[in-house]
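Observations on the model geometry
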Amino acid sequence: MKDAAPQTIYLSDYTPFGFIVDKVELTFRLAPDATRVISRIAFRPNPEATDRSFFLHGEQLKLVWARIDGAEVMPNVTQQGLSCDVPVAPFVWEAEVEVSPVTNTALEGLYMSNGMYCTQCEAEGFRKITFYPDRPDVMSVFSVRIEGSEPVLLSNGNPTDSGEGWAEWHDPWPKPAYLFALVAGDLVAHPDSFITKSGKKVDLNIYVRPGDEGKCAFGMEALKKSMKWDEDVYGREYDLDIFNIVAVDDFNMGAMENKGLNIFNSSCVLASPDTSTDANFERIEAIIAHEYFHNWTGNRITCRDWFQLCLKEGLTVYRDAQFTADMRSESVKRIEDVIALRGRQFREDNGPLAHPVRPESFVEINNFYTATVYEKGAELIGMLKTLVGDEAYYKALDLYFDRHDGDAATIEDWLQVFQDATGRDLTQFKRWYSQAGTPRVSVSDAFDNGTYTLTFRQDTPPTPGQDVKDPRVIPIAVGLLNPNGDEVVPTTVLEMTEAEQSFKFDGLAAKPVPSILREFSAPVILQRETTNAERAFLLAHDTDPFNRWESGRALARDGLIRMIRDGAAPDDAYLEALTAVLRDDTLDPAFRALATSLPSQDELAQSLFDMDETPDPQTIWQALETQKQAMAQHMQDLLPRLYAQYQTEDVYQPDAAQSGARALANTALTLISRLDGGAQAQKQYDAADNMTQQLAAFGCLLSAGKGKAATQAFYDQWQHDRLVIDKWFSMQIVQADPAAAVDVARALTQHADFTMKNPNRFRATLGALAMSPAAFHQASGAGYALLADWLIKLDPLNPQTTARMCSAFETWKRYDADRQALIATQLDRILSQPELSRDTQEMVQRIRKA
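Note that the structure is a prediction, hence the values are computed from the model and not measured. (Residues numbered from 1 in each chain as written. Predicted model: local features only at pLDDT ≥ 70, side-chain atom pairs only at ≥ 80, totals over all residues. Heavy atoms only, no water.)

For the chain, the helix and strand inventory stands at 27 helices and 31 strands. Here the C-alpha atoms of the chain give a radius of gyration of 27 Å, agreeing with the 29 Å that 2.2 N^0.38 yields for 850 residues. Structurally, the chain occupies a C-alpha span of about 85 × 65 × 60 Å along its principal axes. Looking at the chain residue by residue over its 850 residues, the buried ones come to 61%. Of all intrachain contacts in the chain linking residues separated by at least 6 positions in sequence, the fraction that spans at least 24 positions is 70%. Split by element, the accessible area of the chain, about 31800 Å² in all, is 49% carbon and sulfur. Averaging the positions of the 82 positive and the 122 negative side-chain charges in the chain gives two centres separated by 2 Å. (Helix = DSSP H or I, 4+ residues; strand = E, 2+ residues; numbered from the N terminus. Rg over C-alpha atoms; globule rule 2.2 N^0.38 Å. Buried < 20%, exposed > 50% of the residue type's maximum accessible area, 1.4 Å probe, protein only. Contact = heavy atoms within 4.5 Å. Areas by Shrake-Rupley, 256 points an atom, 1.4 Å probe, with all protein chains shown as cover. Lys, Arg positive; Asp, Glu negative; His and termini not counted. Charge placed at Lys NZ, Arg CZ, Asp CG, Glu CD.)

If you want it as structure tokens, here you go:
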């Protein structure tokens, strides 16, 4: 059935639901194509509401019967839900509906994955399970009975009773429907326990399919570390008797924080040295922490409406970043986060999908689970902490938990807590939540008679629906270095509040070298005319690890831009500076590996576009290839020493020390492979005893054109492991010559192991193509056509994944007229589909209107 005409929902139209839900009782009688869901819900009028009309959301449900206080009623049922006349006093609503989990390919609501029943209710999936006020500000206590033949029957909260073919659960903490969860299947538990700081024992389980039991230990340790860290740092203790995680193969997102029953994409929880890379381990550790931290920042305190999504997600992303920094390397984590922010969120802010951290409107909320809401939302938390200081930050968080426990809160509630705890007026800071776009901060300096002056100007370009932007509060962390490399002014936070503002530093003997925006203290684009000599100086002497890395990145970017624009040769000064960093064994190996990484194709394309130039994807790719070859040749004497020095002989551990060593060694290997044609990579591939080493070598062989045998060998070895085969699909496309990549991707979509119904496999194939600009943006338009073909096929089955993949087209206005015309043709072709979902329609329309 075609979706109803999409309607825009506005933040300004918020009104509370007309009724309070005191209690929810659900019974599930499981059957693959005809599950019955019986609901018994206690309602009473909400004294805060002005609209008492009774409307329950419900989609793709077959209503069997409905009753109010035991009397049968005949509600008015539409595609969106039902309405009914109800008493003006408290009443009990009962209904029975039928749903078909086995045909639910959208993976929202109750669906099946490889014979397992599972749910995904955020944001609006619960309405596909039963009729209910499916909105985050309606919170209630849930009791659930599950009847089925599956050996494991799970839901939220604590288990209360069970028997042959049934189990009952009760969650004592009020929650919105989006946090409901149910899992039933033939599963094996990896059990453990945790003793809270108050001495309570919590049973822990990771449930997996038989055969995956050996991939749970790392996830369990990450969970226990997260629980301990949240107690130590934020004073938050777990509040149920049991905490369950379930690994699911078919899942649109990374994981879901359902109260007491977290459901994870299997790629985000299953790990072993044989099948997972160091990056996989770090990601799993972070995601497990993120979902656990939601227990307080998202579950105990949720969001009033979906416009407040950043309230739970931005804060929780910030907390999981803190956790990873504490578990691993603070400076490396910060650099990695900024690379990701610039690669995803800055791109979003500079295109047709730009929106505020708290949007003012949406058609489909699933389309706003974005880098802006998550990553930029986290940056706002970091800025608040920088502005008020650590002590005041944690004081404000304690007040937030005390004041709003059990609430559905808003950004206004969040900021009011900080104002009350610190006495600061945050009216101007609130603009960060309401204004889209990335501010550009330009800097000039002057030195006169011992006084050094920095003058900043801020400007934010227009974004869709917002042409004029008011000045924001921008914390700018600055340090000053003497010409000899000594730091004369340690890190000082300057608070910029005006469109143009100057700051003075007195008593200096000589003009200093400024280190500006230390630790990336605000999500802005810094613009300052400087020299490569100064960048090299900061790369060598800056005491701030982030700005040290940033100086090297700027050196690389400047040289690459000249190579792209003017056909210049690789910059010798950059090569010398980079070699000096790599030789410095006092530096963290992980930092040195990051210092060697070059700006991405997408970053360079955006830099050129910001210069009012039209980027050519092929020219950018060729410049990067030339630069990498120059690096290999310039450091050919150093690379073998680095490679040998950082081989890890100890038993594999995915910790920061070993991971950093492998990162640096494999960075050296990628450059060595440019000189030896992949000979060393073949040796590493043959000897590898962990996936980090094997996959790195496999990539080098593919890039060197020597990967045919390894491609077959890799598949033969790992064809039984779905997550490793995702890597096999992706690596072949990413490492292919851009001229051949579309053909490689097309061939892989015909492979027997390709299925578009599994989001991981779809992203590993078509997503890999979209993330390879020189390949995706082939002048022929073949990449655009291939992706559009598959998006059109996928949309009727899984609108959510389809819509998110449409963002591959968001930068189309950067490119030349011919490419724009080719992309416009594909966008129009998608929009012309008669049964297009509202998810995809909204995304493509926003992109097309650029």
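A few words now on the side chain of Asp721. Here Asp721 is to be found in the loop between α19 (708-718) and α20 (722-734). Asp721 sits in the buried class, given a relative accessible area of 5%. Separated by 2.4 Å, the side chains of Asp721 and Lys215 make a polar contact. What Asp721 contacts, discounting residues up to four positions off in sequence, is Lys215 and Thr275. (Polar contact = N/O pair within 3.5 Å; in protein donor to acceptor, adjacent residues only side chain to side chain.)

For the rest of this paragraph, the subject is the pattern of salt bridges. For the structure on display, the rule yields 70 salt bridges. We note a salt bridge from Arg40 to Glu94, for which the minimum N-O separation is 3.6 Å. Separated by 54 residues along the polypeptide, Arg40 in strand β3 (residues 35-45) and Glu94 in strand β9 (residues 91-99) bring together distant segments of the chain. Of the residues examined, Glu94 reaches a relative accessible area of 18% and is grouped as buried. A salt bridge links Arg127 to Asp134, with the shortest nitrogen-to-oxygen separation between them at 3.0 Å. Using a relative accessible area of 7% as the deciding quantity, one classes Arg127 as buried. Put simply, Arg29, Arg145, Glu147 and Glu168 are held in one network by salt bridges that share partners. (Salt bridge = Lys/Arg side-chain N within 4 Å of Asp/Glu carboxyl O.)

Taken in spatial order, the 8 strands line up as β6-β5-β9-β3-β2-β12-β15-β14 in an open sheet, and their pairing is mixed. At either margin of the open sheet sits one strand with a lone partner, and together these are β6 (71-72) and β14 (158-163). In terms of strand pairing, strand β5 (residues 62-68) meets β6 through 2 bridges, oriented antiparallel. When the bridges of β6 are listed, Arg67 appears paired with Glu72. (Pairing = 2+ DSSP bridges.)

Put simply, Glu122 and Ala123 share a cis peptide bond, and its omega is 5°. Of note, Leu517 is a non-glycine position whose phi angle comes to about 65°, a positive value. You can see Leu517 is positioned in the loop between β30 (513-516) and β31 (525-528).

What follows concerns the packing of aromatic side chains. Enumeration over the complete set of coordinates arrives at 51 aromatic pairs. A centroid spacing of 5.7 Å and a plane angle of 65° characterise the contact between Phe243 and Tyr292, whose relative ring orientation is edge-to-face. In this pair, Phe243 is assigned in strand β19 (residues 242-248) and Tyr292 in helix α2 (residues 278-293), connecting sequence segments 49 residues apart. With a relative accessible area of 1%, Tyr292 lands in the buried category. A ring pair is formed by Trp728 and Phe729, whose centres lie 5.3 Å apart and whose planes are at 85°; its orientation type is edge-to-face. (Phe/Tyr/Trp six-rings, centres within 6.5 Å; stacked < 30°, edge-to-face > 60°.)

Of all hydrophobic cores here, the largest spans 267 residues; its most connected members are Trp93 and Trp414. For Trp414, the residues in contact, after removing those within four places along its chain, are Leu311, Leu315, Ile381, Leu384, Leu397, Tyr400 and Tyr433. (Core = buried A, V, L, I, M, F, W, Y, C linked by side-chain atoms within 4.5 Å.)

Below, the discussion takes up the pairing of strand β27 (residues 474-481). Taking burial as the measure, the 8 residues of β27 include 8 buried ones, the bulk of the element. Neither face of β27 is exposed, since Ile474, Ile476, Val478 and Leu480 on one face and Pro475, Ala477, Gly479 and Leu481 on the opposite face are all buried. Pairing geometry for β27 and strand β28 (residues 487-496), over 7 bridges, is antiparallel. From the neighbouring strand, Val478 faces β28, where its bridge partner is Thr492. As consecutive antiparallel partners, β27 and β28 are separated by 5 residues, and within that stretch Gly485 has a phi angle of approximately 100°, a positive value. Where β27 lies against β30, 4 bridges are found, and the strand directions are antiparallel. From the neighbouring strand, Leu480 faces β30, where its bridge partner is Pro514.

Mapped onto the fold, Asn244 is located in strand β19. Asn244 has contacts with Leu154, Trp169, Asn205, Tyr207, Gly260, Leu261 and Asn262, leaving out every residue within four places of it along the chain.

Before going further, it helps to spend a moment on the pairing of β19. Taken across its 7 residues, β19 has 7 buried, putting it largely inside the fold. Burial of β19 is two-sided: the residues Ile242, Asn244, Val246 and Val248 facing one way and the residues Phe243, Ile245 and Ala247 facing the other way are all buried. Note: strand β18 (residues 201-208) against β19, 5 bridges, orientation parallel. The residue of β19 that forms the bridge with Asp203 is Ile242. Regarding the hand of the β-α-β motif, the stretch spanning β18, helix α1 (residues 217-234) and β19 is left-handed. Bridge count between β19 and strand β21 (residues 261-265): 5 bridges; the pairing is parallel. (Right-handed = clockwise from strand over helix to strand, strands pointing away.)

Regarding helix α9 (residues 532-541), the residues found buried are Asn532, Glu534, Arg535, Phe537, Leu538 and Leu539. The inward-facing, buried residues of α9 abut β27, β30, β31, α10 (545-566) and α11 (572-583).

Our focus in this paragraph is the sheet that holds strand β16 (residues 182-185). The strand order across the open sheet built from 4 strands is β10-β11-β16-β13, with neighbouring strands paired in antiparallel fashion. The sheet is open, and its two borders are formed by β10 (109-113) and β13 (152-155), each paired with just one other strand. Across this sheet, the average inter-strand angle for adjacent strands is 20°, counted without regard to direction. With 2 bridges connecting them, strand β11 (residues 116-120) and β16 associate as antiparallel partners. Bridging across to β16, Tyr117 finds its partner in Ala184. (Axes fitted to C-alpha atoms, helices over the stretch in contact; angles between N-to-C directions.)

Right, let's get into the environment of Gln719. Topologically, Gln719 is positioned in the loop between α19 and α20. Residue Gln719 is classed as partly exposed on the basis of its relative accessible area of 43%. The sequence separation of Gln719 and Asp753 amounts to 34 residues, and the corresponding C-alpha distance is 8.7 Å.

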